[in-house]
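A look at the structure
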Amino acid sequence: MNEKLEKMRNGKGFIAALDQSGGSTPKALKLYGIDENEYSNDAEMFDLIHKMRTRIIKSPAFNDTKILGAILFEQTMDRKIDGKYTADFLWEEKGVLPFLKVDKGLEELEDGVQTMKPMPELDELLKRANERHIFGTKMRSVIKKASQTGIEKVVNQQFEVANKIIAAGLVPIIEPEVDIHNVDKAECETILKNEIKKHLDKLPETSNVMLKVTLPTVENFYEDLTRHPRVVRVVALSGGYPREKANEILSKNKGIIASFSRALTEGLSAQQSDEEFNKALEATIEEIYEASVK
């Protein structure tokens with residue numbers, strides 16, 4: 001674990017988010033050039049998305065010279081690539097740290113935020129994650145308004161679950177996403193950072209977390225959190241910005257690396273030859289890497 005923790009803390013590169021779940025899979029497949037009429041049920045849909053993820057992971061461009069970690073959906077963790085479980089393939093063949101998305105989606109909007117749905121099977125999932133050699137986890141909430149009480153609720157819940165994940169020996173990525181369309185986005189980020197800091201300062205020295213944040217309105221807004229002793233790494237989500245815009249904002253924020261999903265797969269298509277696909281992915285990875293290490 002120490003070698004892996006050291007790699008995540010000080011390594012150069014970014015995290016590939018390959019964790020589209022049931023709700024977002026049809027959209028991800030459509031962007032990849034596969035329409036809904038090309039599969040007739042969930043099983044076929046998940047087979048197709050696994051094929052897409054496998055193609056990305058097996059690409060020569062996808063390796064630890066530019067990529068530190070990859071976030072997986074639960075089904076991807078339980079599937080195999082070339083006879084190895086996905087997490088083992090990532091670490092053993094590519095030198096890339098595997099993470100698992102553990103949340104079960106979002107509650108309805110209340111008090112300007114969407115907290116995470118209950119996770120009654122979390123203990124069992126964390127046990128399986130350990131069996132599958134997962135390094136860390138990721139869970140997402142959404143903030144749509146500068147509501148002090150709403151944002152407090154989001155951060156409290158995130159750290160409450162994070163403590164269970166730490167107890168299971170994994171490194172949690174805490175992701176309280178601020179919607180990029182919020183009119184009061186900067187104010188949301190101010191409240192959010194204050195709340196996160198309160199919780200970080202209370203963590204024991206044996207506890208480590210990662211933070212996944214929306215690219216901030218104010219440049220270097222989260223720089224102090226990148227230096228917090230309890231924070232392994234601060235990563236940024238693309239949040240709906242096109243890749244070029246996301247990279248531009250990211251490159252102006254010191255110490256923060258990318259954890260892009262849609263921005264990573266933008267421009268990739270099922271119809272591309274392997275040569276075209278690998279070339280497009282290599283160019284994308286290079287761009288995101290450059291923005292992450294500036």
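Residues numbered from 1 in each chain as written. Predicted model: local features only at pLDDT ≥ 70, side-chain atom pairs only at ≥ 80, totals over all residues. Heavy atoms only, no water.

- Going by what an unreviewed UniProt entry lists, the protein chain is known as Fructose-bisphosphate aldolase class 1 and is assigned to Leptotrichia hofstadii.
- Per UniProt, the protein chain carries the Sequence similarities (unreviewed entry) text "Belongs to the class I fructose-bisphosphate aldolase family."
- According to UniProt, the comment filed for the protein chain under the heading Pathway (unreviewed entry) is "Carbohydrate degradation; glycolysis; D-glyceraldehyde 3-phosphate and glycerone phosphate from D-glucose: step 4/4." (UniProt positions renumbered as here; feature names shortened; annotations may be inferred.)

**Some points on the packing of helix α3 (residues 42–58) against helix α5 (residues 86–94)**
- Taken N-terminus to C-terminus, the directions of α3 and α5 make an angle of 10°; their axes are 11 Å apart at the nearest point. Accordingly, the angle class assigned to the pair α3 and α5 is roughly parallel. Read as a crossing pair, α3 and α5 show a hand that is right-handed. Here His50, Ile57 and Lys58 of α3 come into contact with α5, specifically with Thr86, Phe89, Leu90 and Lys94. (Axes fitted to C-alpha atoms, helices over the stretch in contact; angles between N-to-C directions. Helix = DSSP H or I, 4+ residues; strand = E, 2+ residues; numbered from the N terminus. Parallel < 35°, antiparallel > 145°, perpendicular 65-115°, else oblique. Left-handed = near helix turned anticlockwise from the far one by under 90°. Contact = heavy atoms within 4.5 Å.)

**Digging into the pattern of salt bridges**
- Tallied over the full model, the rule gives 26 salt bridges.
- Residues Lys30 and Asp35 are paired through a salt bridge, measuring 3.0 Å at the closest nitrogen-oxygen approach.
- For Arg243, the salt bridge is made with Glu287, and the minimal N-O distance between the two is 3.4 Å. Of this pair, Arg243 sits in helix α10 (residues 243–250) while Glu287 sits in helix α12 (residues 274–293), and the two are 44 residues apart along the sequence.
- Since its relative accessible area comes to 12%, Arg243 is described here as buried.
- Residue classification places Glu287 among the partly exposed residues on the basis of a relative accessible area of 38%.
- A network of salt bridges, in which partner residues are shared, links Glu74, Asp78, Lys104, Arg128 and Arg132. (Salt bridge = Lys/Arg side-chain N within 4 Å of Asp/Glu carboxyl O. Buried < 20%, exposed > 50% of the residue type's maximum accessible area, 1.4 Å probe, protein only.)

**Let's talk about the UniProt feature "active site" (unreviewed entry) in the protein chain**
- As recorded in UniProt, the sites labelled "active site" (unreviewed entry) are Glu175 and Lys212. The greatest C-alpha distance among the annotated residues, which extend across 38 residues, is 4.6 Å, indicating that they converge on a single site.
- As for its placement among the helices and strands, Glu175 is situated in strand β8 (residues 171–178).
- The exposure class assigned to Glu175 is buried, which follows from its relative accessible area of 3%.

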